[in-house]
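This is what each chain is made of:
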Amino acid sequence: MTVEEKIRYIAEHNGLEKALDKLAEECAEYAAARIKHNLGEGNGEYLEELADVIIMRAEVQQLMPEEMKDQISEEINRKLDRQIERIRKEG
């Protein structure tokens, strides 16, 4: 199985709600591991946790209904426009 096929298989087994909850959990674990890394603690666990976040993001993206994807896309564009505007004001 390819990586994409593995992600699809797991995503379809667990469903969207479980994937959203797992994504939240993995984000929290990544944040904690990254903070430990920045404090000079741990030994690279943040990379493992980041991999989990990326996997769960892919699962969620595959499972989202089109309406949700459209709403997220609009929000992404709004946030990107806002960030670009901030960058331009700095320069």
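All values reported here derive from a predicted model rather than from experimental measurement.

## Re helix α1 (residues 3-14)
Spanning 12 residues, α1 covers 17 Å between terminal C-alpha atoms, matching the ideal 16 Å at 1.5 Å per step. Taken from the residues just after α1, Gly15 is the one with a positive phi, measuring 85 degrees.

## What about the nonpolar core?
Grouped burial of nonpolar side chains is what soluble globular proteins tend to show. Counting 7 residues, the largest nonpolar core consists of Leu16, Ala19, Leu23, Val53, Met56, Val60 and Met64. Those elements that place two or more of their residues in this core are α2 (16-38) and α3 (45-63).

## Comments concerning the pattern of salt bridges
A complete count under the given rule lists 6 salt bridges for this structure. Salt-bridge contacts for Glu75 lead to Lys79; the nearest nitrogen and oxygen are separated by 3.9 Å. On the criterion of helical spacing, the pair formed by Glu75 and Lys79 is a turn pair, its members being 4 residues apart in helix α4 (residues 66-90). Among the residues examined, Glu75 registers a relative accessible area of 31% and is labelled partly exposed. Overall, the relative accessible area of 41% leaves Lys79 in the partly exposed class. Residues participating in the shared-partner salt-bridge network are Lys22, Glu25 and Glu26.

## So, the side chain of Glu59
Residue placement: Glu59 occurs in helix α3. Of the side chains with opposite charge, Lys22 comes closest to the buried, unpaired Glu59, at an N-O distance of 8.9 Å. If near-sequence neighbours (up to four positions away) are discounted, Glu59 is found in contact with Ile7, Ile10, Ala11, Asn14 and Ala19.

What counts as what
- Residues numbered from 1 in each chain as written.
- Predicted model: local features only at pLDDT ≥ 70, side-chain atom pairs only at ≥ 80, totals over all residues.
- Heavy atoms only, no water.
- Helix = DSSP H or I, 4+ residues; strand = E, 2+ residues; numbered from the N terminus.
- Expected span 1.5 Å × (residues − 1).
- Core = buried A, V, L, I, M, F, W, Y, C linked by side-chain atoms within 4.5 Å.
- Buried < 20%, exposed > 50% of the residue type's maximum accessible area, 1.4 Å probe, protein only.
- Salt bridge = Lys/Arg side-chain N within 4 Å of Asp/Glu carboxyl O.
- Lys, Arg positive; Asp, Glu negative; His and termini not counted.
- Contact = heavy atoms within 4.5 Å.

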